[in-house]
Amino acid sequence: MPLAVIAITGASGAQYGKRLLEEMLSAGWEIDLIITRAGEINLDLECGLTPEDLISDERVTLNDNKNLAARPASGSAKYDAYIICPASGTTIGKVAAGISDNLTTRSALVALKEKRKMIVVPRETPVATVHLEAMAKLSTWGVVVLPANPGFYHSPEKISDLIDFVVARILDQLNINHNLRKRWTGEEVDMN
Ligand SMILES: Cc1cc2nc3c(=O)[nH]c(=O)nc-3n(C[C@H](O)[C@H](O)[C@H](O)COP(=O)(O)O)c2cc1C
């Protein structure tokens, strides 16, 4: 069974992390979930949920973000992907600076040192130069920087359509099949 870390940090967009978790479970993944304190606040504010509400499936392990001895802290544990969704500018800045002061940042540093698949999903606008520089560094090091920027060319009708747009792009990066949205065929628009 493929294994991933999903970290939900304190950027707006907890819905993206929740939906990603659901979809990866549906696709047969096992998940080590980490939720920062600020992530918990946004999960409550935006979804009306607690971290415990996200662990009804036995394939999800909820890790204490303060526990630097938990499984994701070690490079010897084999993970197929590390996803920070949503990713706060603070966490992105720490990872780009090599700071691993909690389980979220430590597992991201493990992903970097082991050169494993990592995806960060920032949500902030406008973006401070320091965070742009941090994202550029991560991108240079092979991290997929996938901003939570839904497109509108699929005629979204509901907020869930916008959430699914972003989650679909994350799943694509992980080669996970999904039916979250129609794929562009090239025949939708006649430019002539
Ligand atoms: C309600 C709320 C919304 C926030 N939204 C964002 C955001 O969209 N993007 C961001 O980078 N930080 C946002 N922040 C700030 C982060 O939560 C803050 O930088 C925090 O220190 C991040 O810590 P963490 O990375 O450990 O979760 C928000 C904070 C709050 C309280």
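Everything below is about the structure printed above this text.
Residues numbered from 1 in each chain as written. Predicted model: local features only at pLDDT ≥ 70, side-chain atom pairs only at ≥ 80, totals over all residues.

Concerning the site of the ligand
Here is the rule: Each residue gets a C-beta atom placed from its backbone. Should that atom fall within 6 Å of a molecule or strand, the residue is termed near it. Secondary structure elements follow DSSP: runs of H or I no shorter than four residues count as helices, runs of E no shorter than two count as strands, and numbering proceeds from the N terminus. Ten residues, namely Ala, Val, Leu, Ile, Met, Phe, Trp, Tyr, Cys and Pro, are considered nonpolar, four, namely Asp, Glu, Lys and Arg, are considered charged, and the remaining ones, Gly among them, are considered polar.
The immediate surroundings of the ligand are formed by 16 residues, with Thr9, Gly10, Ala11, Thr36 and Ala38 found nearest. No other element matches helix H2 (residues 37-47), which puts 5 residues into the shell around the ligand. Residue composition of the shell around the ligand, grouped by class: 4 nonpolar, 10 polar and 2 charged.

Some details on helix H5 (residues 129-140)
Convention followed: A helix is expected to span 1.5 Å for every residue after the first. Three classes are used. A residue is buried when 20 or more other C-beta atoms lie within 10 Å of its own, exposed when 12 or fewer do, and partly exposed in between, with C-beta atoms placed from the backbone. As used here, the arc belongs to the directions running from the helix axis to the C-beta atoms. Remark: residues whose backbone-derived C-beta atoms lie within 7 Å of one another are considered to be in contact.
Given a rise of 1.5 Å per residue, 12 residues ought to cover 16 Å, and the 16 Å separating the end C-alpha atoms of H5 matches this to within 8%. Burial in H5 covers these residues: Ala134, Met135 and Leu138. Along the axis of H5, the buried residues cluster in a sector spanning 100°; they form a single face. More than 90 degrees from the buried face of H5, the exposed residues found are Thr129, Ala136, Ser139 and Thr140. At its buried positions, H5 is contacted by helix H3 (89-96), strand E5 (118-122) and strand E6 (144-145). Residue glycine 142 follows H5 closely and has a positive phi angle near 100°.

Brief notes about unusual backbone geometry
The phi angle of most residues is negative, glycine excepted, and most peptide bonds adopt the trans form. Cysteine 85 connects to proline 86 through a cis peptide bond whose omega is -5°. Within the secondary structure, proline 86 sits in strand E4 (residues 81-87). With omega at -10°, the peptide bond leading from threonine 125 into proline 126 counts as cis. Residue position: proline 126 is located in the loop between E5 and H5. A positive phi angle is found at serine 155, which is not glycine, with a value near 50°.

A few points about the environment of aspartate 164
One can find aspartate 164 in helix H6 (residues 159-173). Linking aspartate 164 and serine 12, residues 152 residues apart in sequence, is a C-alpha distance of 16 Å. Here aspartate 164 is in contact with Arg19, Leu180 and Arg181, once residues within four sequence places are set aside.

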